[in-house]
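Each chain, written out:
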Amino acid sequence: MINELVVILFISILLMYFILAAQFESFLQPFIVILEIPIDVAAALLILWICGHTLNLMSAIGIVVTCGIIINDSILKLDAINELRKGGTPLIEAIHEAGRRRLRPILMTSLTTIFAMVPLLFTSDLGSELQKPLAIAMIAAMIIGTLVSLFIIPLIYWFIYRKEKTEKRIITSD
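Please read these numbers as outputs of a predicted model, since none were measured by experiment.

Q: Looking at this structure, I do not really get helix α1 (residues 2-24). What am I missing?
A: Helical periodicity: at 3.6 residues per turn, an α-helix aligns residues three or four positions apart in one direction. Counted at 1.5 Å a residue, the expected span for α1 with its 23 residues is 33 Å, and the 32 Å between its end C-alpha atoms agrees. Taken as a whole, α1 has its buried residues at L5, I13, M16, Y17, L20, A21 and F24. Structurally, α1 contributes buried residues whose contacts are with α2 (29-34), α3 (36-50) and α4 (57-86).

Next up, the structure:
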């Protein structure tokens, strides 16, 4: 089952890339969003290992679901930055304004998911051994993914597009 989930994950990442490339009208920006997936998966696997659990079907499903939620946050943030830049807002100001506009929705989504998983950590009834790895994986991926969406994704965007304005000035001055 794990092998099938890995194949499904790679196919879904490929399809997501094509959809994002069409949405952003760019071949580079989908990579910014997809870059978050390995970070979230690594964090979830590390926390599972620290807590003494292994990757099983339930934790793998939790990781896939959480990556989908977190990717949505990054897509919304990049879309807000792009819309502001199309309106003529400078790069740094667009990144800051998009951060202010999307902070509350991103935090609300993440906190709701995290708080929904916390009760699964403290149950001891039938099936709780299956639910604990799922909850641990989802909580870890949501916490790290939220931080990546809020801070790292805009930083990568800035790093890629920071020279764009300078290059346009050099081209127009020649």
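Q: Even after reading the chapter, I still don't get the packing of aromatic side chains, so can you show me in this structure?
A: Given two aromatic rings, their pairing is described by the distance between the two centres and the angle made by the two planes. According to the stated counting rule, one finds three aromatic pairs in the structure shown. Ring centres 5.7 Å apart and planes at 70° place the aromatic pair Y17 and F18 in the edge-to-face group. With 4.9 Å between their ring centres and 40° between their planes, Y17 and F31 make a pair best called tilted. With a gap of 14 residues between them, Y17 in helix α1 and F31 in helix α2 connect regions that are remote in the sequence.

Q: Whenever I open this one, the packing of α4 against helix α6 (residues 128-161) confuses me. Can you help?
A: The axes of two packed helices give the description: the angle between them and the distance between them. The N-to-C vectors of α4 and α6 enclose an angle of 25°; their axes lie 8 Å apart at closest approach. Classified by the angle between their axes, α4 and α6 sit roughly parallel to one another. Where α4 crosses over α6, the two elements pack in a sense that is right-handed. In the contact of α4 with α6, the residues fall into 19 nonpolar, eight polar and three charged.

Q: What should I look at first to understand the pattern of salt bridges in this one?
A: For side chains bearing opposite charge, pairing can occur when the charged atoms are close. Under the defined criterion, the tally for this structure stands at two salt bridges. E97 serves as the salt-bridge partner of R100, at 3.1 Å between the closest nitrogen and oxygen. Here the residue R100 and the residue E97 both occupy positions in helix α5 (residues 91-121), the gap between them amounting to three residues, near one helical turn. Residue R100 is classed as exposed on the basis of its relative accessible area of 56%. Two residues, R101 and E97, come together in a salt bridge whose shortest N-O distance is 3.1 Å. Here the residue R101 and the residue E97 both occupy positions in helix α5, the gap between them amounting to four residues, near one helical turn. A single network of salt bridges, built from pairs that share partners, joins E97, R100 and R101.

Q: Sorry if this is basic, but what is going on with the confidence of the model for the protein chain here?
A: A low pLDDT score tells you not to read the predicted coordinates there in detail. In this model, the protein chain carries an average pLDDT of 88, and 94% of its residues clear a pLDDT of 70 or more. Confidence, expressed as mean pLDDT per element, reaches its minimum in the protein chain at helix α7 (residues 164-173) with 52 and its maximum at α5 with 93. In the model, residues 169-174 has pLDDT below 50 throughout and makes zero contacts with residues more than four positions away in sequence or in other chains.

What counts, and where the lines are drawn
Residues numbered from 1 in each chain as written. Predicted model: local features only at pLDDT ≥ 70, side-chain atom pairs only at ≥ 80, totals over all residues. Heavy atoms only, no water. Helix = DSSP H or I, 4+ residues; strand = E, 2+ residues; numbered from the N terminus. Expected span 1.5 Å × (residues − 1). Buried < 20%, exposed > 50% of the residue type's maximum accessible area, 1.4 Å probe, protein only. Contact = heavy atoms within 4.5 Å. Phe/Tyr/Trp six-rings, centres within 6.5 Å; stacked < 30°, edge-to-face > 60°. Axes fitted to C-alpha atoms, helices over the stretch in contact; angles between N-to-C directions. Parallel < 35°, antiparallel > 145°, perpendicular 65-115°, else oblique. Left-handed = near helix turned anticlockwise from the far one by under 90°. Nonpolar A, V, L, I, M, F, W, Y, C, P; charged D, E, K, R; others polar. Salt bridge = Lys/Arg side-chain N within 4 Å of Asp/Glu carboxyl O. pLDDT = per-residue confidence, 0-100.

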